[in-house]
Amino acid sequence: MLKQFTFARSKDVLRAGFGALLVLIVVVTLTGMFALHAAEPRMEALVPLAVVGALMLALGAGVALLVSRRIMRAEDTLYCEKELAEVTLHSIGEGVITIDAEGRIDYLNPIAEQYTGWSGIDAKGQRLDAVYRVVHEQTGKPIALPGSDETGAHGTPQGVTARLLGRSGNTCAIRDSYAPIHDRNGNLVGWVVVFHDVSQIEDMAQQLSWQASHDALTGLLNRGEFERRLADLIDSVHRENKQHALMYMDLDNFKTVNDTCGHAAGDELLRQLTTVMQARMRGSDTLARIGGDEFGGLLESCPLDQAVRIANGLREAVRDFRFVWRDKTFGVGISIGLVTIDGVNMSVSSALATADATCYEAKSKGRDRVQVYRPKDRSIGDQSAELQMVSQINHAFEIGNFRLYRQKIIAIGAGSDDAPHYEVLVRMLDQAGNLIPPSGFMPAAERYNLLSSIERWVISSLVEFLHQEHAGGAIPHEATAYTNAFYAVNLSGVSINDNSFPEFVRKLLTRFNLPRGLLCFEVTETTAISNLTKAAQLMHELKAMGCRFALDDFGIGMSSFAYLKYLPVDYIKIDGVFIRDMAVDPMDHAIVEAINRIAHILGLKTVAEFVEEETTLEHLRTLEVDYAQGYFIAKPEVLTKSPGAVHPVLESA
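Residues numbered from 1 in each chain as written. Predicted model: local features only at pLDDT ≥ 70, side-chain atom pairs only at ≥ 80, totals over all residues. Heavy atoms only, no water.

Participant: Could you clarify how one ought to interpret the overall build of the protein in this entry?
Facilitator: Within the protein one finds 21 helices and 23 strands. When each of the 653 residues of the protein is scored for burial, the buried share is 42%. Long-range pairs, those at least 24 residues apart, make up 64% of the contacts in the protein between residues at least 6 apart in sequence. For the protein, the accessible surface area stands at approximately 34300 Å², while carbon and sulfur atoms represent 54% of it. (Helix = DSSP H or I, 4+ residues; strand = E, 2+ residues; numbered from the N terminus. Buried < 20%, exposed > 50% of the residue type's maximum accessible area, 1.4 Å probe, protein only. Contact = heavy atoms within 4.5 Å. Areas by Shrake-Rupley, 256 points an atom, 1.4 Å probe, with all protein chains shown as cover.)

And the structure:
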């Protein structure tokens, strides 16, 4: 259309120019003839007239040539611009449709042809809504197009997300925009419709939205989305006077599968159990994975008796399920804490905390059971107190309210040395500044996965302290490969099973160069027995770094001597239950004697705990026990003091 218009205008101008030139020549000729007729034809009169005619003819020819050249250059420029515009419209990745003022199609670029299913030839002259059919993505209703009553010619509609219906039945999500075309007088002469495919963007957005609310392993809702839905149910209790139920579920014996067959087997077990549990829940119920092997369930509009039946059905389904991995078969169970969501005021956090505590109660009563929360349950109240302690632990981390103490251990055997020997203890300050012993906060820390963080803080602080003591000369510089001094710190089963713990210690010892043997880890006999393989592996790794190991509370386990050859320990700490009364109880005396003798045969040193009187110390010297520790020897003292504050020595260990 643009090309034809340009050429038509150019030809008109050219014709006008030559017409004017022809008229000019005719006028000159007629004027000359009139002059010849009116006057005597003298040569002197004809020469000027001929010259003027020739000049005017040359001038007319020059003007015509100049106009012609300018018009041709303008045509070439317009043609190039037109070709460039057409190539651009063909090359861009967006669909472009142009229509006239009556809403009939004049042009489609290839992208528009591809998505609408119409060729430019077939579409030309068709109404826009016959070729470009778009509907609202959610409602499916047609969207107003340019030239219709909804849009009119008064403004430009805003782009909206829509679905384009192709001629062959294909659909895709698009986002489009319309722009009016006006002539130089401001009159509307047409519209340009531009659209682009947003299907991939929408797919990615949906995928990201799904990932934000679902667990990647099982496909269940994740904790964040579960809490959001729980909040909605709590709100509905007050709006609609409905009763719902919350289940907090923890798998029993899941760790056995992970430890025996690896995490790949554990992941597959979780996927299969997801199918088993979903089959026992109603269509309106919600199942979510809220932790490693922990699940949550929301039973909407469900009275308590029905919720108990659903929970027990789910528990039985999990109990009867058998997981097969290669040549091994495993059975697992599930402990469920059930909490009613009714008119009682509760928040999401308090509801989850109560359900978690109720689930823990189910585990403590034997596992593989459903425990229903009763507001007057004293045991649940204890769990609430535990949750408050967790809050205090987190607060202590934030403001640095942990303190290290040390209790001296003396050498009492033959050839005893004067090198310092200590056991390091940790205490916590509550919000009132009172000291809390480990028995007051360690159970809650272990239950809520905070024990590892506490132990790492203790070890880091101790290693830095020992580095300063050794650099300052408080710990003697010895020429031997291993120092005679040692500082012992307790290590739990959590750290033993933490695969990243050896690397944590390695980095510390690389940064703070301590004498070999100065840092000693204490592991209780019970912990070592229950994690024998992992404990032995960890001991070998840390001993290679120059650490020592002591087996704490020795003598209270079964077959205590049988596994000593598997554990590369340096010290055996005889449990205080045998030490306290050994001076008056022959059986305790004989047990201490036997432990000490066998330890020496194995090349190990012995430490007697809970030495509280001189008579006991004398009996230990007679038996040639190597070290003694207890309140008769020394009470715990502050290892480091915070600036401006001095904490009193503890009165109890």
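Participant: Whenever I open this one, the packing of helix α14 (residues 451–472) against helix α16 (residues 501–511) confuses me. Can you help?
Facilitator: When two helices pack together, their arrangement is given by the angle between their axes and by how far apart the axes lie. One way to put it is that α14 packs onto α16 with a least axis distance of 11 Å and a crossing angle of 20°. Of the possible angle classes, the one that applies to α14 and α16 is roughly parallel. For α14 against α16, the interelement crossing comes out right-handed. Listed contacts from α16 to R456, I459, S460 and V463 of α14 are F501, F504 and L508. (Axes fitted to C-alpha atoms, helices over the stretch in contact; angles between N-to-C directions. Parallel < 35°, antiparallel > 145°, perpendicular 65-115°, else oblique. Left-handed = near helix turned anticlockwise from the far one by under 90°.)

Participant: Can you walk me through the sheet that holds strand β7 (residues 244–252) in this structure?
Facilitator: Within a sheet, neighbouring strands are paired by backbone hydrogen bonds and run either parallel or antiparallel to one another. Spatial ordering of the open sheet is given by β8-β9-β7-β12-β13, a layout of five strands whose pairing is mixed. The two strands at the open ends of the sheet, each matched to only one other strand, are β8 (286–289) and β13 (370–372). Taking the axes of each pair of neighbouring strands and ignoring which way they run, one obtains an average angle of 20° across the sheet. Looking at chain direction, strand β12 (residues 333–341) and β13 are connected through three bridges and run parallel. Following the sheet pairing, I336 is matched in β13 by V370. (Pairing = 2+ DSSP bridges.)

Participant: Teacher, can you tell me more about unusual backbone geometry here?
Facilitator: Trans peptide bonds make up most of the peptide bonds, and negative phi angles are found at most residues other than glycine. Of note in this structure, D368 is not a glycine but carries a positive phi near 50°. Of note, D368 is situated in the loop between α11 (348–364) and β13. Phi angles above zero are rare outside glycine, and F610 is one such case at about 55°. Residue placement: F610 occurs in the loop between β21 (605–608) and α21 (614–622).

Participant: Any chance you could explain the nonpolar core here in plain terms?
Facilitator: Where a protein is soluble and globular, its nonpolar side chains tend to be buried together. In this structure, F441, Y487, F521 and L620 are the most contacted members of the largest nonpolar core, which totals 77 residues. Examining the composition of this core, we find that eight residues originate from one element, α14, more than from any other. Contacts of Y487, omitting those with residues within four sequence positions, involve R406, Y422, V424, L462, F465, L466, I475, L518, L519, C520 and L639. Core analysis: the second largest hydrophobic core is formed by 36 residues, A265, L270, L287 and I310 among them. (Core = buried A, V, L, I, M, F, W, Y, C linked by side-chain atoms within 4.5 Å.)

Participant: Explain the pattern of salt bridges to me, please; I cannot follow it from the model alone.
Facilitator: Any two side chains of opposite charge can pair, on the condition that their charged atoms come close. One pass over the full model with this rule turns up 23 salt bridges. For R315, the salt bridge is made with E316, and the minimal N-O distance between the two is 3.9 Å. Its relative accessible area of 33% is what places E316 among the partly exposed residues. Note that E593 and R597 form a salt bridge whose closest N and O atoms lie 3.0 Å from each other. With E593 and R597 both in helix α20 (residues 586–601) and four residues apart, this pair spans about one turn of that helix. (Salt bridge = Lys/Arg side-chain N within 4 Å of Asp/Glu carboxyl O.)

Participant: Before we go on, may I ask you to explain the packing of aromatic side chains in this structure?
Facilitator: By convention here, two paired aromatic rings are described through the distance between centres and the angle between planes. All told, the structure shown has 14 aromatic pairs when counted by the stated rule. When the centroid spacing of 4.7 Å and the interplanar angle of 40° are considered together, the rings of F486 and Y571 count as tilted. Placement of F486 in strand β17 (residues 486–490) and of Y571 in strand β20 (residues 571–574) is noted, with a sequence separation of 85 residues between them. Grouping residues by exposure puts F486 and Y571 together as buried. Summarising the aromatic geometry, the rings of F486 and Y627 are spaced 5.9 Å apart at their centres and angled 85° between planes, so their arrangement reads as edge-to-face. Of the two residues, F486 is situated in strand β17 and Y627 in strand β22 (residues 627–629); the sequence distance between them amounts to 141 residues. (Phe/Tyr/Trp six-rings, centres within 6.5 Å; stacked < 30°, edge-to-face > 60°.)

Participant: Would you mind going over the packing of helix α9 (residues 263–278) against helix α10 (residues 304–320) with me for this structure?
Facilitator: Two elements in contact, α9 and α10, have axes separated by 9 Å at closest approach and are oriented at 140°. Note that α9 runs across α10; the crossing there is right-handed. Across the interface between the two elements, L273, V276 and M277 from α9 touch L314, A317 and V318 from α10. Class assignment for the residues of the contact of α9 with α10 results in six nonpolar, no polar and no charged. (Nonpolar A, V, L, I, M, F, W, Y, C, P; charged D, E, K, R; others polar.)

Participant: Honestly, α20 in this entry has me stumped. Any pointers?
Facilitator: Along an α-helix, a turn takes 3.6 residues, which lines up residues three or four apart on a common side. The first and last C-alpha atoms of α20 sit 22 Å apart over 16 residues, in line with the 22 Å expected at 1.5 Å per residue. Burial in α20 covers these residues: D588, V592, I595, N596 and A599. Looking straight down α20, one finds its buried side chains confined to an arc of 95°; they lie on one side. Exposed side of α20, more than 90 degrees from the buried face: P586, M587, R597 and I601 are the residues found there. For α20, the elements touching its buried residues are β19 (548–554), β20, α19 (576–579), β21 and α21. The opening residue of α20 is D585, an N-cap whose side-chain oxygen sits 2.9 Å from the backbone nitrogen of M587. Taken from the residues just after α20, G603 is the one with a positive phi, measuring 80°. (Expected span 1.5 Å × (residues − 1). Arc of directions from axis to C-beta. Polar contact = N/O pair within 3.5 Å; in protein donor to acceptor, adjacent residues only side chain to side chain.)

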